[in-house]
Amino acid sequence: ADIYKEYLHVLLQDKDYKQAENIVSEQMQIKQRHPLPLIDMGRVLLAAGKQKKAEEQFEQALVLMNGDDILTQQMAAAFTSLGREDYTLKTYERARDLLRNPYFYSGPLSRLYARTGAIDKAIFTLLETNKEAVETYFGVTLTQTVSEGSFEFVSTTARPFNSYIV
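So, a few notes on the structure that sits alongside this text. (Residues numbered from 1 in each chain as written. Predicted model: local features only at pLDDT ≥ 70, side-chain atom pairs only at ≥ 80, totals over all residues. Heavy atoms only, no water.)

## Quick notes on the environment of Ile123
Summarising the element assignment, Ile123 is placed in helix α8 (residues 119-138). With twelve residues separating them in the primary sequence, Ile123 and Arg111 have C-alpha atoms 9.5 Å apart. (Helix = DSSP H or I, 4+ residues; strand = E, 2+ residues; numbered from the N terminus.)

This is the structure we're talking about:
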(Lines give C-alpha, C1' and ligand atoms only; values in the text may rest on other atoms or scores of the structure.)
Protein backbone atom coordinates (compact mmCIF):
# COMPACT_ATOMS: atom_id res chain seq x y z
CA ALA A 1 0.00 0.00 0.00
CA ASP A 2 2.83 2.41 0.79
CA ILE A 3 4.51 1.71 -2.57
CA TYR A 4 1.20 2.30 -4.34
CA LYS A 5 0.68 5.64 -2.55
CA GLU A 6 4.23 6.79 -3.26
CA TYR A 7 4.00 5.75 -6.91
CA LEU A 8 0.68 7.56 -7.27
CA HIS A 9 2.25 10.66 -5.73
CA VAL A 10 5.15 10.54 -8.22
CA LEU A 11 2.79 10.08 -11.16
CA LEU A 12 0.73 13.06 -10.08
CA GLN A 13 3.84 15.20 -9.64
CA ASP A 14 4.93 14.19 -13.16
CA LYS A 15 1.40 14.95 -14.43
CA ASP A 16 1.13 11.42 -15.84
CA TYR A 17 -2.61 11.31 -15.23
CA LYS A 18 -3.28 8.40 -17.60
CA GLN A 19 -0.88 6.08 -15.75
CA ALA A 20 -2.19 7.38 -12.41
CA GLU A 21 -5.75 6.50 -13.49
CA ASN A 22 -4.54 3.05 -14.53
CA ILE A 23 -2.96 2.17 -11.19
CA VAL A 24 -5.92 3.55 -9.25
CA SER A 25 -8.29 1.54 -11.47
CA GLU A 26 -6.29 -1.58 -10.56
CA GLN A 27 -6.66 -0.74 -6.88
CA MET A 28 -10.39 -0.22 -7.38
CA GLN A 29 -10.65 -3.74 -8.83
CA ILE A 30 -8.58 -5.25 -6.03
CA LYS A 31 -10.49 -3.37 -3.32
CA GLN A 32 -14.00 -3.42 -4.69
CA ARG A 33 -16.60 -1.65 -2.58
CA HIS A 34 -13.88 0.14 -0.64
CA PRO A 35 -14.02 3.96 -0.54
CA LEU A 36 -10.31 4.83 -0.39
CA PRO A 37 -9.47 3.94 -4.03
CA LEU A 38 -12.43 6.09 -5.08
CA ILE A 39 -10.91 9.03 -3.21
CA ASP A 40 -7.59 8.31 -4.93
CA MET A 41 -9.35 8.39 -8.30
CA GLY A 42 -10.92 11.69 -7.30
CA ARG A 43 -7.43 12.95 -6.43
CA VAL A 44 -6.22 12.02 -9.93
CA LEU A 45 -9.23 13.58 -11.60
CA LEU A 46 -8.83 16.80 -9.59
CA ALA A 47 -5.18 17.02 -10.61
CA ALA A 48 -6.24 16.52 -14.23
CA GLY A 49 -8.74 19.39 -13.91
CA LYS A 50 -11.84 17.19 -13.94
CA GLN A 51 -13.60 18.64 -10.89
CA LYS A 52 -17.09 17.26 -11.53
CA LYS A 53 -15.87 13.71 -12.17
CA ALA A 54 -13.70 13.90 -9.07
CA GLU A 55 -16.67 14.92 -6.95
CA GLU A 56 -18.66 11.99 -8.36
CA GLN A 57 -15.92 9.67 -7.07
CA PHE A 58 -15.98 11.39 -3.69
CA GLU A 59 -19.76 10.99 -3.44
CA GLN A 60 -19.49 7.28 -4.30
CA ALA A 61 -16.86 6.91 -1.58
CA LEU A 62 -19.25 8.41 0.97
CA VAL A 63 -21.95 5.93 -0.05
CA LEU A 64 -19.58 3.02 0.63
CA MET A 65 -18.86 4.09 4.21
CA ASN A 66 -19.80 1.55 6.85
CA GLY A 67 -19.23 3.46 10.10
CA ASP A 68 -15.84 1.89 10.83
CA ASP A 69 -13.83 4.39 12.86
CA ILE A 70 -10.45 3.70 11.25
CA LEU A 71 -11.93 3.98 7.76
CA THR A 72 -13.72 7.19 8.73
CA GLN A 73 -10.45 8.69 9.99
CA GLN A 74 -8.59 7.60 6.83
CA MET A 75 -11.23 9.12 4.59
CA ALA A 76 -11.31 12.35 6.57
CA ALA A 77 -7.51 12.59 6.38
CA ALA A 78 -7.57 11.93 2.62
CA PHE A 79 -10.14 14.66 2.00
CA THR A 80 -8.29 17.08 4.28
CA SER A 81 -5.04 16.43 2.41
CA LEU A 82 -6.87 17.42 -0.78
CA GLY A 83 -8.05 20.64 0.83
CA ARG A 84 -11.64 19.42 0.60
CA GLU A 85 -12.98 20.21 4.04
CA ASP A 86 -16.48 20.04 2.60
CA TYR A 87 -15.97 16.32 2.06
CA THR A 88 -14.20 15.92 5.38
CA LEU A 89 -17.37 17.32 6.97
CA LYS A 90 -19.55 15.00 4.91
CA THR A 91 -17.41 12.05 6.02
CA TYR A 92 -17.87 12.77 9.72
CA GLU A 93 -21.55 13.61 9.29
CA ARG A 94 -22.17 10.37 7.40
CA ALA A 95 -20.31 8.34 10.03
CA ARG A 96 -22.42 9.90 12.80
CA ASP A 97 -25.57 9.10 10.84
CA LEU A 98 -24.47 5.51 10.33
CA LEU A 99 -23.62 5.11 14.00
CA ARG A 100 -26.72 7.03 15.14
CA ASN A 101 -24.73 8.62 17.90
CA PRO A 102 -24.19 12.39 18.19
CA TYR A 103 -21.21 11.86 20.51
CA PHE A 104 -19.05 10.41 17.75
CA TYR A 105 -16.90 12.99 15.97
CA SER A 106 -18.46 16.00 17.73
CA GLY A 107 -14.97 17.45 18.36
CA PRO A 108 -13.66 17.24 14.78
CA LEU A 109 -17.04 18.31 13.39
CA SER A 110 -17.27 21.39 15.60
CA ARG A 111 -13.71 22.42 14.67
CA LEU A 112 -14.45 21.96 10.95
CA TYR A 113 -17.70 23.87 11.20
CA ALA A 114 -15.87 26.74 12.93
CA ARG A 115 -13.06 26.72 10.34
CA THR A 116 -15.57 26.84 7.49
CA GLY A 117 -17.51 29.71 9.06
CA ALA A 118 -20.51 27.73 10.31
CA ILE A 119 -20.14 28.97 13.88
CA ASP A 120 -23.75 28.15 14.79
CA LYS A 121 -23.27 24.52 13.73
CA ALA A 122 -19.96 24.39 15.63
CA ILE A 123 -21.63 25.53 18.84
CA PHE A 124 -24.64 23.25 18.41
CA THR A 125 -22.42 20.26 17.67
CA LEU A 126 -20.54 20.79 20.91
CA LEU A 127 -23.63 21.59 22.95
CA GLU A 128 -25.54 18.69 21.45
CA THR A 129 -23.28 16.32 23.35
CA ASN A 130 -22.66 18.53 26.39
CA LYS A 131 -25.98 20.33 26.81
CA GLU A 132 -26.88 18.75 30.14
CA ALA A 133 -23.47 19.52 31.60
CA VAL A 134 -23.72 23.16 30.52
CA GLU A 135 -27.26 23.49 31.87
CA THR A 136 -26.38 21.89 35.20
CA TYR A 137 -23.17 23.83 35.67
CA PHE A 138 -24.64 27.23 34.85
CA GLY A 139 -28.20 26.54 36.02
CA VAL A 140 -29.61 27.49 32.66
CA THR A 141 -31.75 26.05 29.91
CA LEU A 142 -30.37 26.33 26.39
CA THR A 143 -32.86 27.42 23.75
CA GLN A 144 -32.44 28.56 20.17
CA THR A 145 -34.00 31.71 18.81
CA VAL A 146 -35.07 30.42 15.41
CA SER A 147 -35.85 33.74 13.77
CA GLU A 148 -32.40 35.17 14.42
CA GLY A 149 -30.48 31.90 14.34
CA SER A 150 -28.79 32.84 17.60
CA PHE A 151 -28.49 31.01 20.89
CA GLU A 152 -29.96 32.30 24.09
CA PHE A 153 -29.21 31.08 27.58
CA VAL A 154 -32.25 31.47 29.82
CA SER A 155 -32.04 31.09 33.61
CA THR A 156 -33.97 28.23 35.18
CA THR A 157 -33.01 28.97 38.78
CA ALA A 158 -33.93 31.65 41.28
CA ARG A 159 -30.33 32.80 41.57
CA PRO A 160 -29.37 35.83 39.48
CA PHE A 161 -28.09 34.98 36.02
CA ASN A 162 -27.85 37.30 33.07
CA SER A 163 -29.20 36.17 29.75
CA TYR A 164 -26.49 35.82 27.12
CA ILE A 165 -26.83 35.62 23.41
CA VAL A 166 -24.01 33.87 21.53
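## Re the environment of Leu11
Within the element layout of this structure, Leu11 appears in helix α1 (residues 2-13). Note on Leu11: relative accessible area 5%, which makes it buried. Taking C-alpha positions, Leu11 is 9.5 Å from Glu21, a pair spaced ten residues apart along the chain. (Buried < 20%, exposed > 50% of the residue type's maximum accessible area, 1.4 Å probe, protein only.)

## Focus on the nonpolar core
Leu8, Val24, Ile39, Met75 and Phe79 are the most contacted members of the largest nonpolar core, which totals 34 residues. With six residues, the single largest contributor to this core is helix α3 (residues 35-47). Leaving out residues up to four positions away in the same chain, Phe79 has contacts with Ile39, Phe58, Leu62, Arg84, Tyr87, Thr88 and Thr91. (Core = buried A, V, L, I, M, F, W, Y, C linked by side-chain atoms within 4.5 Å. Contact = heavy atoms within 4.5 Å.)

## What to know about a nonpolar patch on the surface
There is a patch of nonpolar side chains on the surface, built from Leu98, Leu99 and Phe104 and spanning about 220 Å² of accessible area. Looking at the secondary structure, you find Leu99 in helix α6 (residues 85-99). (Patch = residues over 30% accessible without salt bridge, like charges linked within 9 Å, V, L, I, M, F, W, Y side chains within 5 Å. Areas by Shrake-Rupley, 256 points an atom, 1.4 Å probe, with all protein chains shown as cover. Salt bridge = Lys/Arg side-chain N within 4 Å of Asp/Glu carboxyl O.)

## A look at the packing of aromatic side chains
The final tally for this structure, using the stated rule, is five aromatic pairs. Both rings, one in Tyr92 and one in Tyr105, keep their centres 5.1 Å apart while their planes meet at 35 degrees; by these two values the pair is tilted. Pair noted here: Tyr92 is in helix α6 and Tyr105 is in the loop between α6 and α7 (106-115), with a separation of 13 residues, a long-range link. An identical accessibility class is assigned to Tyr92 and Tyr105; each is buried. One aromatic cluster is present, formed by Phe58, Phe79 and Tyr87 through successive ring pairs. (Phe/Tyr/Trp six-rings, centres within 6.5 Å; stacked < 30°, edge-to-face > 60°.)

## Some remarks on unusual backbone geometry
Here the phi dihedral of Lys15 falls at roughly 60 degrees; this positive angle occurs in a residue that is not glycine. With respect to the element layout, Lys15 can be found in the loop between α1 and α2 (17-30).

## A short note on the packing of helix α5 (residues 69-81) against α6
Across the interface, α5 lies against α6 with an axial gap of 8 Å and an inter-helix angle of 165 degrees. The orientation of α5 with respect to α6, classified from their angle, is roughly antiparallel. Crossing hand, α5 versus α6: right-handed. Taking contact as the criterion, the partners of Thr72, Gln73, Met75, Ala76, Phe79 and Thr80 in α5 are, on α6, Tyr87, Thr88, Thr91, Tyr92 and Ala95. Each residue belonging to the contact of α5 with α6 can be placed in one class, and the counts come to six nonpolar, five polar and no charged. (Axes fitted to C-alpha atoms, helices over the stretch in contact; angles between N-to-C directions. Parallel < 35°, antiparallel > 145°, perpendicular 65-115°, else oblique. Left-handed = near helix turned anticlockwise from the far one by under 90°. Nonpolar A, V, L, I, M, F, W, Y, C, P; charged D, E, K, R; others polar.)

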